[in-house]
Amino acid sequence: MMQVYNFIKKMMLIVCLLCMDITNAQGDQILDGIGETGLIARYLLDGDTKDWSRNNLHATVKGEKITFVNDKLFGKVITLSSETNDYITIPGTAVGNEESISLTGWINLRSIKSGQCFFDFGKSLQSHVITTLIDSNGKNEFSTEIVLESGGYKTKKTVLEAHEWSMFSVVIDVPSKSLRTFLNGKLISETKDIEIELNQLFNNASDGKNQLFIGKLLSSNKSCLDAKLHDFRIYRIPLNKSQIKTIYYNGLKKGDQVVNENERKDDDLEVFSKTTPQLYNKFLIGVSDIAVETTVGFLPKLPRYVKAVYKNGIELSQARVLWSAPKDNTKVLKVGSYTVTGLIPGTDLKSKATVVVKEAKKVFSPNKNLEVFNLDQVSLNTDSNGDNTKFIENRDKFITTLAQTNPDNFLYMFRNAFGQKQPEGAEPLGVWDSQETKLRGHATGHYLTAIAQAYASTGYDTSLQANFLYKMEYMVNVLYELSQLSGKPKQAGSPFVSEPTAVPPGVGKSDYDSDLSIEGIRTDYWNWGEGFISAYPPDQFIMLEKGAIYGTQNTKIWAPYYTLHKILAGLLDIYEVSKNPKALEIAMGMGDWVHIRLSQLPTETLISMWNRYIAGEFGGMNEVMARLYRVTNEPRYLEVAKLFDNIKMFYGDANHSHGLAKNVDTFRGLHANQHIPQIVGALEMYRDSNIPDYFYISDNFWYKTTNDYMYTIGGVAGARNPNNAECFIKEPATIYENGLSAGGQNETCATYNMLKLTKNLFLYDQRGELMDYYERALYNDILASVAKDSPANTYHIPLRAGSIKHFGNPDMKGFTCCNGTALESSTKLQNTIYFKSRDQKSLYVNLYVPSTLNWTEKNIIIEQKTAFPKEDNTQLVIKGKGKFNIRLRIPHWATKGFYVSINGKEQKVDAKPGSYLTLNRKWKKGDVVDIQMPFQFHLESVMDQQNIASLFYGPILLAAQETESRKDWRKVTLDANDISKNIKGDTSQLKFTIDGVEFKPFYETYGRYSVYLNVILK
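Rules behind the numbers
Residues numbered from 1 in each chain as written. Predicted model: local features only at pLDDT ≥ 70, side-chain atom pairs only at ≥ 80, totals over all residues. Heavy atoms only, no water. Helix = DSSP H or I, 4+ residues; strand = E, 2+ residues; numbered from the N terminus. Rg over C-alpha atoms; globule rule 2.2 N^0.38 Å. Buried < 20%, exposed > 50% of the residue type's maximum accessible area, 1.4 Å probe, protein only. Contact = heavy atoms within 4.5 Å. Lys, Arg positive; Asp, Glu negative; His and termini not counted. Charge placed at Lys NZ, Arg CZ, Asp CG, Glu CD. Patch = residues over 30% accessible without salt bridge, like charges linked within 9 Å, V, L, I, M, F, W, Y side chains within 5 Å. Areas by Shrake-Rupley, 256 points an atom, 1.4 Å probe, with all protein chains shown as cover. Salt bridge = Lys/Arg side-chain N within 4 Å of Asp/Glu carboxyl O. Core = buried A, V, L, I, M, F, W, Y, C linked by side-chain atoms within 4.5 Å. Pairing = 2+ DSSP bridges. Disulfide = S-S within 2.5 Å. Arc of directions from axis to C-beta. Phe/Tyr/Trp six-rings, centres within 6.5 Å; stacked < 30°, edge-to-face > 60°. Lys NZ or Arg CZ within 6 Å of the ring centre and 35° of its normal.

**Quick word on the overall build of the protein**
Here is step 1 of the chain: The helix and strand tally for the protein stands at 19 helices and 49 strands.
Here is step 2 of the chain: A compact globule built from 1018 residues would reach a C-alpha radius of gyration of about 31 Å, and the protein, at 29 Å, matches this within 12%.
Here is step 3 of the chain: Overall, the protein is about 90 × 85 × 60 Å in size when its C-alpha atoms are taken along their principal axes.
Here is step 4 of the chain: Taken over 1018 residues, the protein has a buried fraction of 63%.
Here is step 5 of the chain: Taking all contacts inside the protein whose residues are at least 6 apart in sequence as the whole, residues at least 24 apart take part in 69%.
Here is step 6 of the chain: Taking the average place of the 116 positive charges on the side chains of the protein and the average place of its 113 negative ones, the gap between the two points comes to 3 Å.

Here it is in structure tokens:
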């Protein structure tokens, strides 16, 4: 055994030398270079059977006498014995709705008797996957079998020695149609051409009816395993050979596992040769050169499309160009000129940009000249056919379920943190709000915002509105009572700590920790400093200042300021719709607590804090502090908002040398939703500080993100390099090379925040491209993120070939971040349809949605009647009178014309796609504006692999409806001059076919789909 161990140590050294491209440690959710979203559950079995991942799928030990023993290789491990009927059961909700699955774990057999079972997972005896030990010709061999009602599949048998540690892995790779088994990091068996979907083995995850046993057969009530076990994992992705090997060698290290993020991308996407025709680019004859100007210090904003000429009658006028993306502003530090060469993907053509650098002028600072309407001023209507729209469908799913929620469930962990008794009927939330989860309380913040928005939006139903008013008042009253306990004596004359900077460690503890277990959580609220409110004690905030990183151990933390932002934002939202003074007082108290602590920290510490992966994620604390300043006019809140500047991303360094303020891309490879809310906050800071840098940070970020990091549905995250589905790709404009992560794309809450940023930017700059993006992401991502029959919604939306959406939290009892933002998105769907100018002289019609606007300031009601997007027209009916401008958005896709008539008379308008046109007149009651914008089919490509493209009809992305999983992109052949020739269907239902394959809106897709196609033009 010692010889084997020495050999393994040598192999570990070799593997380490081969893996030198691993980046800095970023927290123990990025495990073994595999993105965190790929991991469903992990059980270290080192003293308990808790789920080490953040999904809280804790296992249960069954048996008469479970034993944990010390092991030379792994430390403490669990032992199971068939004599005492020991086995482990995993929650049935752990598996379901997955495309593929990988199971891996360490086993040390204590006996070699036949019939032992490592694991047996499935929904019934007729549908399960099982690994058992069989006595075969005197050899003890493990065999894995998939059992199906229609038959099944087996792997080759594998000899497994007793009294030695072995890592056994099973991968069911549905797209590749293979069943693979590994022993000690080596592939030992592969069964190919298996015809299976995982729903044949497992029930839907939400019903929890799966049976997942370690050490016991589904067919027996008794255990059948005599072994020691360590580190059992379940992944939702098909692990490849290198990943399995990495898990194996890293697992042999003593102490903490390797937690670095691997920069190697998962190269299992289809590879195209350089001669593959890339869509329209194969007809490209030439592209133009361009000239741009900039000022000293500021990188130019290069257009992503240049003028182009095509042959064969192709009526296109532009081509995508890929420019280099500097990491600093060295090129523009002095007056002069230089050239940049851009590549045209799939061709040898190049475009040259001549950049002229001029002396800096006074920086232009745009004014905020638009205002939003309150939610109670805009209502959603049925469409012109009397049918519910997708907006109403999704809203009602959330409103109905929200009305049925128990506020005490959302207050459970707050009472728990303060050591208070729970009221009868209160139940803790699950998932990220469970007892020991360090992010607990985040869902409560989303809930506060959602019930505020629901209250403002339900004027159509007085009983619903009363329900949400009660919930708001109840939540605020309880949180107020708790906040008043912090930093005050428990009893008259007893000791306490009111000063936020003097918070001591917990009673009986030598240092701060993040232990939230029932046994370990501190509840000495009298020592927490005045104003403190959270669902956990202040330790995580203090530990962040002292250098703690992201992780599950008690020495690590999970984004304390992220959670706080949600709570404070929810309180201010309630204050804005109800003027509840207690809501504002709670927010001010915690704002003071934060101000006192952060104002004493040096800049270097703040830079370190805000650039720590996940641990330093602060959501939009800069945004909420700026809002608090605006409400109270107290300068200290604006001061603390500035302390949340992410200096490294915003300005490059403490000297403000470059960064986003000077149009340098400083966010490539970073966690997307950690940083998007910071940008939203920067724009809010601009509103209150009038510092131009904040505006340009936001505007530059938006331009780069939507042009260089965006998937066609509007989402912006999902990288293979770095190997993390929640990150921006390593280099801009390389989605095919570095994106399309196996763990999914388009974290839904990142899109939520991109929409928030887009809406707020538009208030300053009425560029059509902003609302074009808003429409894209709203229809094709946010509306598409909700389940068919419940408010369950997506975390990520995968976009690989033959993908399927995974919906969670149908009953609002266990929230991820995206389950939280979904509450907000679906209770404010009407908030961007219309805007008004600050002088009340103009109305902006941004979205074509059946709705009614009550413009109370002008005593005007405008009803929009349409079945858009199932019709290409809309109608505005004016009820009231007055002189004002109506500014209509001309979508970028409206290239076949945009026609307007008033009271039946056609208007002569200059309609340029991607802009707004103005109707200026004295309006009278009964005036009718009719608008028609003919839809057409068009393709939108992946920027660096143009033949991989999505099909749109007008604004609506059409997804191919797949009947089975697939590895390769669906091939579609279309006519180069008129792609509609190959498409048949019903435009009124938005259902089409191409070569017999059904295509329909992505927001109406609930089975397997392909959003991206391999398009061939002829």
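**Description of a positive patch on the surface**
Here is step 1 of the chain: Judged by side-chain charge, Lys186, Lys192, Lys241 and Lys245 come together as a positively charged surface patch.
Here is step 2 of the chain: Secondary structure elements with two or more residues in the positive patch: β15 (186–192) and α2 (241–251).
Here is step 3 of the chain: Here Lys245 lies in helix α2.

**What to know about the nonpolar core**
Here is step 1 of the chain: Ranked by size, the top nonpolar core spans 254 residues in total, and within it Tyr561 and Leu888 carry the most contacts.
Here is step 2 of the chain: Sort the elements by how many residues they give to this core and helix α8 (residues 560–578) lands first, with ten residues.
Here is step 3 of the chain: If we skip the residues at most four places from it in the chain, Tyr561 touches Phe541, Leu544, Val594, Leu598, Trp610, Glu617, Phe618, Met621 and Phe644.
Here is step 4 of the chain: By size, the runner-up hydrophobic cluster in this structure holds 45 residues, among which are Ala59, Ala94, Phe142 and Leu212.

**Focus: the pairing of strand β33 (residues 851–855)**
Here is step 1 of the chain: On β33, burial follows the alternation: Ser851, Leu853 and Trp855 on one face are buried, whereas Thr852 and Asn854 on the facing-out side are not.
Here is step 2 of the chain: The pairing of strand β26 (residues 378–380) with β33 spans three bridges and is antiparallel. Looking at the pairing, Ser379 lines up with Thr852 of β33.
Here is step 3 of the chain: The turn linking β33 back onto strand β34 (residues 860–866) is made up of four residues, and Asn859 within it adopts a positive phi angle of 55°.

**Topic: unusual backbone geometry**
Here is step 1 of the chain: In this chain, Asn721 is followed by Pro722 through a cis amide linkage whose omega measures 0°.
Here is step 2 of the chain: Along the chain, the position of Pro722 falls in the loop between α15 (692–708) and α16 (735–738).
Here is step 3 of the chain: A cis geometry characterises the amide bond from Phe868 onward to Pro869, with omega recorded as 10°.
Here is step 4 of the chain: Along the chain, Pro869 turns up in the loop between β34 and β35 (873–879).
Here is step 5 of the chain: Not every positive phi belongs to a glycine, and Asn903 is a case in point at roughly 55°.

**Focus: the state of the cysteines**
Throughout this description, disulfide means a covalent bond between two cysteine sulfur atoms.
Here is step 1 of the chain: Per the stated rule, a full pass over the model turns up zero disulfides.
Here is step 2 of the chain: For the unlinked cysteine Cys117, the closest cysteine sulfur is that of Cys224, found at 4.7 Å.

**Structural notes on helix α10 (residues 603–610)**
Here is step 1 of the chain: Of all the positions in α10, only Leu606, Met609 and Trp610 are classed as buried. The buried residues of α10 occupy one face: seen down the axis, they fall within an arc of 85°.
Here is step 2 of the chain: Summarising the contacts, the buried residues of α10 are in contact with α7 (539–545), α8, α9 (581–598) and α14 (672–689).

**Some thoughts on the packing of aromatic side chains**
Here is step 1 of the chain: Counting across every chain of the model gives 66 aromatic pairs.
Here is step 2 of the chain: Taking 5.0 Å as the distance between ring centres and 65° as the angle between the ring planes, the aromatic pair formed by Phe74 and Trp106 counts as edge-to-face. With Phe74 in the loop between β4 (67–71) and β5 (75–80) and Trp106 in strand β7 (residues 101–109), this residue pair connects regions lying 32 residues apart in the sequence. Note on accessibility: Phe74 and Trp106 belong to one class, buried.
Here is step 3 of the chain: Ring centres of Tyr536 and Phe541 lie 6.2 Å apart, and the angle between their planes is 40°; on these two criteria the pair is classed as tilted. For the pair Tyr536 and Phe541, one class covers both residues: buried.
Here is step 4 of the chain: Chaining the aromatic ring pairs together yields one cluster made of Phe418, Tyr525, Trp526, Trp528, Phe532, Tyr536, Phe541, Tyr561, Trp593, Trp610, Phe618 and Phe644.
Here is step 5 of the chain: The ring of Phe1002 carries the charged tip of Lys805 above its face, separated from the ring centre by 4.1 Å.

**Observations regarding the pairing of strand β14 (residues 178–183)**
Here is step 1 of the chain: Of all the six residues making up β14, six are buried; the element is thus mostly covered by neighbouring parts of the structure.
Here is step 2 of the chain: Along β14, one buried face is formed by Ser178, Arg180 and Phe182 and the opposite face, lined by Leu179, Thr181 and Leu183, is buried too.
Here is step 3 of the chain: Note that strand β13 (residues 166–173) and β14 share six bridges and pair antiparallel. Note on β14: the bridge partner recorded for Asp173 is Ser178.

**Thoughts on the sheet that holds β35**
Here is step 1 of the chain: The strand order across the open sheet built from seven strands is β26-β33-β34-β35-β40-β37-β38, with neighbouring strands paired in antiparallel fashion. With partners counted over all chains shown, the strands left at the sheet margins are β26 and β38 (905–906), one partner each.
Here is step 2 of the chain: The pairing of β35 with strand β40 (residues 928–932) spans five bridges and is classified as antiparallel. Paired with Leu876 across the two strands is Val929, which belongs to β40.

**Side note on the pattern of salt bridges**
Here is step 1 of the chain: Applying the stated criterion across every chain, the model contains 50 salt bridges.
Here is step 2 of the chain: The residue Lys177 makes a salt bridge to Glu195 at a minimum N-O spacing of 3.4 Å. With Lys177 in the loop between β13 and β14 and Glu195 in the loop between β15 and β16 (211–214), this pair connects stretches of sequence that are 18 residues apart.
Here is step 3 of the chain: Under the relative-accessibility criterion, Lys177 is labelled partly exposed at 23%.

These figures capture arrangement, not role.
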